[in-house]
Amino acid sequence: MRLSSCRNLIKVVNLHLIRVGTVSSLYQSRQLSSSSHHRLLMADLKSTFLNVYSTLKSDLLHDPSFEFTDESRLWVEKMLDYNVPGGKLNRGLSVVDSFKLLKEGKDLTEEEIFLSCALGWCIEWLQAYFLVLDDIMDNSVTRRGQPCWFRVPQVGMVAINDGILLRNHIHRILKKHFRGKPFYVDLVDLFNEVEFQTACGQMIDLITTFEGEKDLAKYSLPIHRRIVQYKTAYYSFYLPVACALLMAGENLENHVDVKNVLVDMGIYFQVQDDYLDCFADPETLGKIGTDIEDFKCSWLVVKALERCSKEQTAILYENYGKPDPSNVAKVKELYKELDLEGVFKEYESKSYEKLIGVIEAHQSKAIQAVLKSFLAKIYKRQK
């Protein structure tokens, strides 16, 4: 691919870069005194977080293990800016939030802020890697309000290799910034483990219903839980806290109970997502839900199958997974007949009570604070 082709990508990503914001290096602020630098960093966590992205990106674009040409460096830079920092950044920022809570009010050092942000970005890189490849597998059109990366002119199936690069960048970051830390091996193991679990969750999701073999009989609550647990909960909920725990000097084997709570929280979060996809106001949600049309193994359809009469089951089988608005309307009408809104409200209430009970029984007040912080962000959310 010619250098001119790479330069053409600039036009495609310019609007995206304006939205994300181009930020200068974190280390430009090292000239400030330690105390004023600390106040500056903590005053605007997201700005600091984005500064660290710039530093990590620069590291990767000058990795001594590869002799970059102007063409290849430009390609990787635009690929990163398009795919990595464009989301809400909740997973990455949660590492910093969780680590600060584990420090129980103690000020974070400049190094601790940088390293917790770097680990947060490793999770965002992991997310980008998953999404770039997931969009190809699903033949998706848009992601985060813009064309999927593989649909950008001149990208196409080069996006597959870009996904592989994104995955490898995680371990380049870990090696450069954490190799000398006593928890380095545990960090590498953690990212490898969670990546494997997420890939397996994606596999379950993909093979549950092959194209042309749509069969609602395959859908059940255990299948839904397995897909969500492996595809979403480990990397979205457990991984940020596990990173913070390792930075705080904790042994993850001593916190299996924390993992279990976070996995349950991740499942509750996905059930909310499934509910909102059908019942939320699209303007509030920010998107139009398509789980019914897409034949998704949604919590709602699983609960409907549990509660349907023989006649209602026939209606569901006849209409679920069809794109025509009339078919979608019949499924939604059936959901209302089955009072799935009420079923969800009861599930949400019981889930919250159970999670709070387990959290408040934990012996560590710091870990309680971390878990309550996560729960507060998602309980009764509207989008």
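Above: the structure in question.
Criteria and thresholds
Residues numbered from 1 in each chain as written. Predicted model: local features only at pLDDT ≥ 70, side-chain atom pairs only at ≥ 80, totals over all residues. Heavy atoms only, no water. Core = buried A, V, L, I, M, F, W, Y, C linked by side-chain atoms within 4.5 Å. Buried < 20%, exposed > 50% of the residue type's maximum accessible area, 1.4 Å probe, protein only. Helix = DSSP H or I, 4+ residues; strand = E, 2+ residues; numbered from the N terminus. Contact = heavy atoms within 4.5 Å. Phe/Tyr/Trp six-rings, centres within 6.5 Å; stacked < 30°, edge-to-face > 60°. Polar contact = N/O pair within 3.5 Å; in protein donor to acceptor, adjacent residues only side chain to side chain. Patch = residues over 30% accessible without salt bridge, like charges linked within 9 Å, V, L, I, M, F, W, Y side chains within 5 Å. Areas by Shrake-Rupley, 256 points an atom, 1.4 Å probe, with all protein chains shown as cover. Salt bridge = Lys/Arg side-chain N within 4 Å of Asp/Glu carboxyl O. Lys, Arg positive; Asp, Glu negative; His and termini not counted. Charge placed at Lys NZ, Arg CZ, Asp CG, Glu CD. Axes fitted to C-alpha atoms, helices over the stretch in contact; angles between N-to-C directions. Parallel < 35°, antiparallel > 145°, perpendicular 65-115°, else oblique. Nonpolar A, V, L, I, M, F, W, Y, C, P; charged D, E, K, R; others polar. Left-handed = near helix turned anticlockwise from the far one by under 90°.

Chemist: Requested: an account of the nonpolar core, with residues and values cited.
Modeler: Nonpolar side chains tend toward joint burial in soluble globular proteins. In terms of nonpolar packing, the biggest core is built from 115 residues, with Trp121, Trp125, Leu174, Phe191, Met265, Leu316 and Tyr335 touching the most fellow members. Per element, the largest residue contribution to this core is 17 residues, and it comes from helix 6 (residues 110-138). The contacts of Phe191, once residues within four sequence positions are left out, are Leu119, Cys122, Ile123, Ile170, His171, Leu174, Leu239 and Cys243.

Chemist: Lay out the packing of aromatic side chains with the relevant residues and their values.
Modeler: All chains considered together, the criterion is met by 21 aromatic pairs. Seen from their ring centres, Tyr53 and Trp125 are 5.7 Å apart, and the 40° between their planes marks the pair as tilted. Taken as a pair, Tyr53 in helix 3 (residues 45-61) and Trp125 in helix 6 lie far apart in primary sequence, 72 residues in all. Each member of the pair, Tyr53 as well as Trp125, carries the same accessibility label: buried. Centroid distance Tyr275 to Phe344: 4.0 Å. Interplanar angle 10°. Geometry classified as stacked. On the criterion of sequence distance, the pair formed by Tyr275 in helix 10 (residues 256-279) and Phe344 in helix 15 (residues 340-360) is long-range, its members being 69 residues apart. Each member of the pair, Tyr275 as well as Phe344, is classed as buried.

Chemist: Break down helix 12 (residues 299-307) for me, citing the residues and quoting the values.
Modeler: Buried residues of helix 12: Trp299, Leu300, Val301, Val302, Lys303 and Ala304, and no others. Residues of helix 12 that are buried sit in contact with helix 9 (221-247), helix 10, helix 13 (310-319), helix 14 (325-337) and helix 15. Capping the start of helix 12, Ser298 holds a side-chain oxygen 3.1 Å from the backbone nitrogen of Leu300, two or three residues further along.

Chemist: So, a negative patch on the surface: which residues are in play, and what are the values?
Modeler: On the surface, a cluster of negative charge is made up of Asp186, Asp189, Glu193 and Glu253. Turning to its location among the elements, Asp186 is positioned in helix 8 (residues 184-208). You can call Asp186 partly exposed: its relative accessible area is 40%.

Chemist: Give a detailed account of a nonpolar patch on the surface, specifying residues and quantitative values.
Modeler: On the surface, a nonpolar cluster with roughly 340 Å² of combined accessible area is contributed by Met137, Met203, Leu206 and Ile207. Among the elements that make up the nonpolar patch, the one with the highest residue count is helix 8 (3 residues). Checked against the element boundaries, Met137 lands in helix 6.

Chemist: Before we move on, could you go through the packing of helix 12 against helix 13 and cite the residues and values that matter?
Modeler: With their axes 9 Å apart at the nearest point, helix 12 and helix 13 run at an angle of 150° to one another. With respect to helix 13, the element helix 12 is oriented roughly antiparallel. Residue-level contacts link Val301, Ala304, Leu305 and Arg307 of helix 12 to Gln312, Leu316 and Tyr317 of helix 13. The residue makeup of the contact of helix 12 with helix 13, split by class, is 5 nonpolar, 1 polar and 1 charged.

Chemist: Please provide a residue-by-residue account of the packing of helix 9 against helix 10, values included.
Modeler: The geometry of helix 9 relative to helix 10 is characterised by a closest axis approach of 8 Å and an angle of 120° between their N-to-C directions. Accordingly, the angle class assigned to the pair helix 9 and helix 10 is oblique. The way helix 9 lies across helix 10 gives a crossing that is right-handed. Contacts from His224, Arg225, Val228, Gln229, Thr232, Ala233, Tyr234, Phe237, Tyr238 and Val241 in helix 9 reach Val258, Lys259, Leu262, Val263, Asp264, Met265, Gly266, Ile267, Phe269, Gln270, Val271 and Asp274 in helix 10. Here the residues of the contact of helix 9 with helix 10 are counted per class, giving 13 nonpolar, 5 polar and 4 charged.

Chemist: Quick rundown of unusual backbone geometry? Include the residues and the values.
Modeler: One non-glycine residue, Leu89, lies in the positive phi region at around 70°. Mapping Leu89 onto the fold places it in the loop between helix 4 (70-83) and helix 5 (90-102). Residue class for Leu89 comes out buried when judged on its relative accessible area of 3%. Phi is positive for Glu104, close to 50°, though the residue is something other than glycine. Mapping Glu104 onto the fold places it in the loop between helix 5 and helix 6. Glu104 gets classed as exposed once you look at its relative accessible area, which sits at 60%.

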